[in-house]
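Architecture and fold: a report
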Amino acid sequence: MSKLWGGRFDGKNEAWIDAFGASISFDQQLAAYDLQGSIAHVKMLKKTAILPAEDADAILAGLQTLVTKVENNELDYSVENEDIHLNMEVFLHELLGPVAGKLHTARSRNDQVATDMHLYLKDHVQQIVAQLKTLRQVLVTKAEQHVYTVMPGYTHLQHAQPISFGHHLMAYYQMFTRDQERLTESLSRIDLSPLGAAALAGTTFPIDRSYAAQELGFAGVYANSLDAVSDRDFILEFLSNASLIMMHLSRFCEELILWCSYEYQFIELTDTFSTGSSIMPQKKNPDMAELIRGKTGRVYGDLFGLLTIMKSLPLAYNKDLQEDKEGMFDTVSTVMHSLEIFAGMIDTMKVKEQNMLQATQQDFSNATELADYLATKGIPFRKAHEIVGKLILSCMEDGIYLQDVPLSQYQEIEPTIEADIYQKLDSVQAVKNRHSLGGTGFDQVLAQINQAHLSE
Ligand code: ARG
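Note that the structure is a prediction, hence the values are computed from the model and not measured.

Right, let's get into the overall build of the protein chain. A tally of regular secondary structure across the protein chain gives 19 helices and six strands. A globule of 456 residues ought to have a C-alpha radius of gyration of about 23 Å, yet the protein chain, at 31 Å, is considerably larger. The C-alpha extent of the protein chain, read off along each of the three principal axes, is 100 × 50 × 40 Å. Relative to its full complement of 456 residues, the protein chain shows a buried share of 39%. Restricting to contacts in the protein chain with at least 6 residues of sequence separation, those with at least 24 account for 76%.

Our focus in this paragraph is the confidence of the model for the protein chain. Scored by pLDDT, the protein chain comes out at a mean of 96, with 100% of its residues at no less than 70. What the predictor reports for the complex is a pTM of 0.95 with an ipTM of 0.98.

It is worth spelling out the UniProt feature "domain: Argininosuccinate lyase C-terminal" (unreviewed entry) in the protein chain at this point. Those places that UniProt annotates as "domain: Argininosuccinate lyase C-terminal" (unreviewed entry) correspond, in this numbering, to residues 364-432. For residues 364-432, the helix share is 67%, the strand share is 0%, and the end-to-end C-alpha distance is 17 Å.

All right, on to the packing of helix H3 (residues 31-47) against helix H5 (residues 84-96) then. Where H3 meets H5, the axes come as close as 10 Å, and the angle between the chain directions of the two elements is 65 degrees. Between H3 and H5 the crossing geometry is right-handed. Facing Ala31, Asp34, Leu35 and Ser38 of H3, the residues of H5 in contact are Ile84, His85 and Met88.

This part takes up the domain arrangement of the protein chain. Domain boundaries assigned for the protein chain yield domain 1 (16-105), domain 2 (110-358) and domain 3 (361-454). For domain 1 versus domain 3, the distance between C-alpha centres works out to 71 Å.

Let's shift gears to the pairing of strand E1 (residues 150-155). Bridging between E1 and strand E2 (residues 158-164) involves six bridges; their strand directions are antiparallel. Bridge assignment links Tyr154 to a residue of E2, and that residue is His159. Remark: two residues form the turn of the hairpin made by E1 and E2, two consecutive strands paired antiparallel; His156 in that turn has positive phi of roughly 55 degrees.

Rules of the game
Residues numbered from 1 in each chain as written. Predicted model: local features only at pLDDT ≥ 70, side-chain atom pairs only at ≥ 80, totals over all residues. Helix = DSSP H or I, 4+ residues; strand = E, 2+ residues; numbered from the N terminus. Rg over C-alpha atoms; globule rule 2.2 N^0.38 Å. Buried ≥ 20, exposed ≤ 12 C-beta atoms within 10 Å, placed from the backbone. Contact = placed C-beta atoms within 7 Å. pLDDT = per-residue confidence, 0-100. UniProt positions renumbered as here; feature names shortened; annotations may be inferred. Axes fitted to C-alpha atoms, helices over the stretch in contact; angles between N-to-C directions. Left-handed = near helix turned anticlockwise from the far one by under 90°. Domains from an automatic or database assignment. Pairing = 2+ DSSP bridges.

This is the structure we're talking about:
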């Protein structure tokens, strides 16, 4: 069959050139959305009497047949027909004959493809929002189980101050809450219809863009036809929101990987999320966490790929824009799989509370407690800081910790020091005493968890 756009061409098409220009191998993922867009368009053509009712009805019936064929995976797409839009039109032609040719009245593939992309992304962003919600629930449930689990808090990956493990989990809960908010807010910009912009300039037919937009469930229409067919900022915004999600997942995965190492032994991942080694029988590797960390790179790549594609494109449509799809599909599936695996990993991981606690008892992460204590005895904090620093040096020489220093030695430093100092130096107490708003104190962690329940 000759090309649908073949009228002004008399040279023959070369298969290898067709293959380079074709997008059907990947844009067939848009099939259902493409038909949805065509159905709304033809309903609009009928309502505005641009097409006679019987033609419109015939086309609608044909499109419905194609919907069923897509659902049953019965369509055999061809590279010769380039993309999803032309493939669908050819199928329609095979079903209906010449009347199929009326579908494309007052429409261009340029507004058609943009419409498909908006429908696709709206659908998937909503699915990712739902996944983030699930993940946040998993985190809150885990945090609830571990409000009183004490672990070392780190800065520079060095023991800093003891914290509640629940607090650590809730930190990620907050990050994923913002990720979810960002996606939800972005919907107002995705939920717009480009349909009716036609090739670039609108059309002379008396179309009703709002009606078609309503049929598609869009909240509004693009105000400018050139903008509607040529920008992809709605995809870039999604890719950048997706990059932030992956960045958060990747940081947490890095911690999981460290925590299940021999050196930490803070957690154990279940077998489902681990793999063995083909040579070393003892190995249990956190492959899934590593993969999510690695896949973050490809999502960043998708973002930078599209930013680069867009940077010098003159208005309006250019074929370069066909390159917007694979990165978007790749990011959608990467983020969705990563979120699912990650939620499962957190939900099922075994937390070794005793090891976490022990790590806060054989270190100097209670040094701030001692300095604070001295400050309450009237020693200026800077001076107290120096005294504790020197004391730590001598402890390290003797191979002991601050809680092992005898009271008499403390009283040499400051006579008003009393036995209650040992309570202050206890890591569980150190966590408990941090009552400041948003701090790691148990009461604060519980308040955060309550707040999370309230906002569900
Ligand atoms: N497959 C094309 C794309 O994805 C559809 C739009 C083609 N428009 C055109 N004027 N060649 O961008």
